[in-house]
Amino acid sequence: MANGPMGRRPFGERPGHPNGPVTGQGTEYTGRYVVLLDPGDQESGLNALRSSADIASVERVRGTDAANVAELLERPDVSVLFEELGAAVVEVRPEQRHALVTTAEAESSIIAAEPERMVYASPITAPQQAPTEFFPAYRSDEEVVAHHTRAEIAAAQGPAMDEQKWTWGLQAIRANLSSLTGRDVKIAVIDSGVDTDHPDLAGRIEATVSFVPGETVEDGHGHGTHCIGTAAGAANPRQGPRYGVACDAKILAAKVLSNATGSGTDGQILAGMAWAVAHGARVISMSLGAQVRPGELFPQTYEKLAQRALERGTVIVAAAGNDSHRPPEIRPVSRPANCPSILAVSALDKALTPSFFSNGGINGQGGEVNIAAPGRDVHSAAPGGGYQVMSGTSMATPHVAGVLALLAQANPNASAAELKVSLMSGAFPLTQPVRDVGSGLLQAP
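These numbers come from a predicted model, not from an experiment.

**Q** I keep staring at unusual backbone geometry and nothing clicks. Help me out?
**A** Excluding glycine, most residues fall at negative phi; most peptide bonds, likewise, are trans. Between Pro-327 and the following residue, Pro-328, the backbone shows a cis peptide bond with an omega angle of 5 degrees. Inspection of the secondary structure assignment puts Pro-328 in the loop between strand E13 (315-319) and strand E14 (343-348). A cis amide bond links Arg-335 with the next residue in sequence, Pro-336, at an omega value of 10 degrees. Along the chain, Pro-336 turns up in the loop between E13 and E14.

Below is the structure:
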C-alpha cells in the first residue's frame, strides 16, 4: 500500500533489513531516514541533502511545539527537523537513498544518517507465563540465587515482603524506607500515553502530547499507564499497595506508541525526546525497543541525542528488552538501550535473579546492562482507573526512573552525569554476572 509519491509503508508492512533478516520479530523499516546534523550548522547539512538527494520539503519544529507533529511525521511530502536536537526525519525517494547515504558520509555537517526503524512495547502472553513486552519468550528461568544474597537483602529490608502496603518491587529497592518523594522533579515517560483521569495520577500530570496520528494521549494500550504508575504513582493509591516510586514527581506523558499494536517509529520517539527535554524533564523513561543482532553497533542518532540531553541535565533510561530464553539463549540489549549514554535496565524476579526473558550485555560498545530492577509480576496502574500486573524489562525501567527523581530531589544542583554516578554507585551488588545485572539491584536513597 503506497501512500503518495514517496511510497510510505504503513506500520504493518516490513520493508526488510538492507543487510539481511533478523531472527524473532524482525527488523522493520519505514523507508525514511533519521539524520543527525551539526547543531551549529544545520542548514549546510540540509542544503547538501536537498541538492544531492532531493529530500522532501523541511518543516521545522521546536521541542515545546507539539502541534501537528504527528501528522507531519506521516506526510510523504514533508521532512521534519527537530531544531533543538538537530535531528531530522527525512523523506527521500527510494532511488535517492543511495545518494543520501553517500552525501551523509561526505558532508561534515551531517553527523549520522540511519534508516528509520519501528519500535515496540507490545505485551505478549507467553504460554504459562506472565505477560511480557517487546518479543515473546517461552522458557522459564531457573529460580536460583545465593542464600547469602537473600539473607543480606532480607536483613537490610526487614521481615519477609508483605505486599499489603507496598509492592515487592518497592520493597526490593528500599523505596519503602526512603523519605524522598521526587517532589517538583519532572519525569517524562515516552510510551503509549496515560489515563489522564486515573485517580492515582491525575493531579500530577503536568503536560501531555501525542505523536501518534489520529490518537489522543489517552492510553488505549495500557503499557504507558502501567509504566507511569510505577515511576510516579500516588503515595496513597485508591486501592491496593503503594506501587509508585516518586509519589510527588511531576509527570510528562508523551505518546509515541499506538493503542492497537503498541508500535511506533524512531521519528516519533525523537519527537518525544525533544518535547521532554524542552519541558525540563530531569529523567526520560523509555520502556520500548527493537531487536539488535549479536555484534551490532548502537545507533549513532540515539547516542548523540542522549549526549545532548545529558548536557541539558536529562538522564535517559531504557528497557534492555525481553527476547531472551534463559536458559540457554541470552539475546543482546535492544536499541536504544544499547547506547552508551542511555542506561539499560534488566529485569529481576522476586528471587532477585534475572528474569528468563531479560536481555544481557553480550554486545560491546554500549551494549551492556547498567542496572537491574524488579520486572516480574509488577503491580501498577491500568487505564480505566484500575490496576494490573505485568512483567518485562519495561516494568523494571520506570523503577529506575523513579529513583533518579528521588536522587534529583535530594541533589537539585547535580548534573545528569552526577545523577547517573549516584544511581550506579548506590546499587546493591548481586552475585549474578555483570552481563545480566550491571552494577546490581537498584536502591532508593
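What follows picks up the thread again.
**Q** Hey, could you run me through the nonpolar core in this one?
**A** Nonpolar side chains in soluble globular proteins tend to be buried together. Core analysis: the biggest nonpolar cluster contains 62 residues, and Ile-173, Ile-187, Val-400, Val-403, Leu-404, Leu-423 and Leu-442 have the highest contact counts within it. For Leu-404, the residues in contact, after removing those within four places along its chain, are Val-283, Val-315, Val-317, Leu-343, Leu-419 and Leu-423. One finds Val-119, Val-209, Ala-274 and Leu-305 within the second-largest nonpolar core, a separate group that totals 50 residues.

**Q** Help me out: how do you make sense of the sheet that holds strand E1 (residues 29-37) in this one?
**A** Remark on secondary structure: sheet strands pair via backbone hydrogen bonds, oriented parallel or antiparallel. Taken in spatial order, the 6 strands make up an open sheet running E2-E3-E4-E1-E5-E11, and their pairing is mixed. If you trace the sheet from one side to the other, it starts and ends with strand E2 (57-61) and strand E11 (263-265), each paired once. Within this sheet the neighbouring strands show an average axis-to-axis angle of 25 degrees, counted without direction. Where strand E5 (residues 110-120) and E11 come together, 3 bridges link them in antiparallel fashion. Across the sheet, residue Tyr-120 finds its bridge partner in E11, namely Ser-263. Along the sheet, helix H1 (residues 42-53) makes contact with E1, E2, strand E3 (78-82) and E5, crossing E2 at roughly 155 degrees.

**Q** Would you mind going over the side chain of Thr-314 with me for this structure?
**A** As for its position among the elements, Thr-314 is in the loop between helix H8 (300-311) and E13. Residue classification places Thr-314 among the buried residues on the basis of a relative accessible area of 1%. A distance of 2.7 Å separates a polar side-chain atom of Thr-314 from the backbone oxygen of Ala-281.

**Q** I would appreciate a short explanation of the pairing of E13 in the present structure.
**A** Every other side chain in a regular strand lies on the same face of the sheet, so the side chains alternate between the two faces. Counting buried positions over the 5 residues of E13 gives 5, a clear majority of the element. Here E13 shows two buried faces, one formed by Val-315, Val-317 and Ala-319 and the other by Ile-316 and Ala-318. Of the pairings in the sheet, the one linking strand E12 (residues 283-286) to E13 comprises 4 bridges and is parallel in character. Looking at the pairing, Ile-284 lines up with Ile-316 of E13. Handedness of the E12-H8-E13 crossover: right-handed. When E13 meets E14, the two strands line up parallel, connected through 3 bridges. Of the residues in E14, the one forming a bridge with Ala-319 is Val-345.

**Q** Looking at this structure, I do not really get the packing of helix H6 (residues 223-232) against helix H9 (residues 393-410). What am I missing?
**A** For any two helices packed against each other, the geometry comes down to the angle between their axes and how far apart the axes lie. At a minimum axis distance of 7 Å, the contact between H6 and H9 shows a crossing angle of 35 degrees. Crossing of H6 over H9 shows right-handed handedness. Together, His-223, His-226, Cys-227, Thr-230 and Ala-231 of H6 and Ser-394, Met-395, Pro-398, His-399 and Gly-402 of H9 make up the contact between the two elements. Here the residues of the contact of H6 with H9 are counted per class, giving 4 nonpolar, 6 polar and no charged.

**Q** In this structure, what is going on with the pattern of salt bridges? I would like to understand it.
**A** Side-chain pairing between opposite charges can occur once the charged atoms of the two side chains come close. Evaluated as defined, the whole model comprises 22 salt bridges. Between Glu-206 and Lys-250 there is a salt bridge, with the nearest N and O atoms lying 3.6 Å from each other. Here Glu-206 is found in strand E9 (residues 205-210), whereas its partner Lys-250 is found in strand E10 (residues 250-255), with 44 residues between them in sequence. Classification of Glu-206 as partly exposed rests on a relative accessible area of 40%. Each member of the salt-bridge network shares a partner with another, and the members are Glu-43, Arg-50, Arg-60, Arg-62, Glu-83 and Glu-84.

**Q** Where do I start with the packing of helix H7 (residues 266-278) against H8 in this structure?
**A** Where H7 contacts H8, the axes come no closer than 11 Å and their chain directions differ by 5 degrees. As summarised for this structure, H7 and H8 are arranged roughly parallel, according to the angle between their axes. Residues Asp-266, Ile-269, Leu-270, Met-273 and Val-277 of H7 touch H8, and the partners they reach there are Tyr-302, Leu-305 and Ala-309. Residue composition of the contact of H7 with H8, grouped by class: 7 nonpolar, no polar and 1 charged.

**Q** Which parts of the structure should I look at to understand the confidence of the model for the protein chain?
**A** Low pLDDT means the predicted coordinates in that region are not meant to be read closely. Overall, the predicted model of the protein chain reaches an average pLDDT of 86, with 85% of residues at or above 70. The low-confidence segment residues 1-25, where pLDDT is below 50, has 58 contacts with residues more than four positions distant or belonging to other chains. pLDDT under 50 marks residues 122-159. Its contacts with residues more than four places away, or in other chains, come to 109 contacts.

**Q** Sorry, what's going on with the environment of Asn-359 here?
**A** Among the secondary structure elements, Asn-359 is positioned in the loop between E14 and strand E15 (371-374). On a C-alpha basis, the gap between Asn-359 and Ile-330 in space is 6.0 Å, while along the polypeptide they are 29 residues apart. A distance of 3.1 Å separates the side chain of Asn-359 from the backbone oxygen of Ala-320, its partner in a polar contact.

**Q** For this particular structure, what's the right way to read the sheet that holds strand E8 (residues 186-191)?
**A** The strand order across the open sheet built from 7 strands is E9-E10-E8-E12-E13-E14-E15, with neighbouring strands paired in parallel fashion. Only two strands of the sheet have a single partner each, and these edge strands are E9 and E15. Within this sheet the neighbouring strands show an average axis-to-axis angle of 25 degrees, counted without direction. Sheet topology note: the E8/E10 ladder contains 6 bridges and is parallel. Residue pairing in the sheet places Ile-187 in a bridge with Ile-251 of E10. Taken strand by strand, H6 contacts E8 and E10, and its axis lies near 160 degrees from that of E8.

Criteria and thresholds
- Residues numbered from 1 in each chain as written.
- Predicted model: local features only at pLDDT ≥ 70, side-chain atom pairs only at ≥ 80, totals over all residues.
- Heavy atoms only, no water.
- Helix = DSSP H or I, 4+ residues; strand = E, 2+ residues; numbered from the N terminus.
- Core = buried A, V, L, I, M, F, W, Y, C linked by side-chain atoms within 4.5 Å.
- Buried < 20%, exposed > 50% of the residue type's maximum accessible area, 1.4 Å probe, protein only.
- Contact = heavy atoms within 4.5 Å.
- Pairing = 2+ DSSP bridges.
- Axes fitted to C-alpha atoms, helices over the stretch in contact; angles between N-to-C directions.
- Polar contact = N/O pair within 3.5 Å; in protein donor to acceptor, adjacent residues only side chain to side chain.
- Right-handed = clockwise from strand over helix to strand, strands pointing away.
- Left-handed = near helix turned anticlockwise from the far one by under 90°.
- Nonpolar A, V, L, I, M, F, W, Y, C, P; charged D, E, K, R; others polar.
- Salt bridge = Lys/Arg side-chain N within 4 Å of Asp/Glu carboxyl O.
- Parallel < 35°, antiparallel > 145°, perpendicular 65-115°, else oblique.
- pLDDT = per-residue confidence, 0-100.

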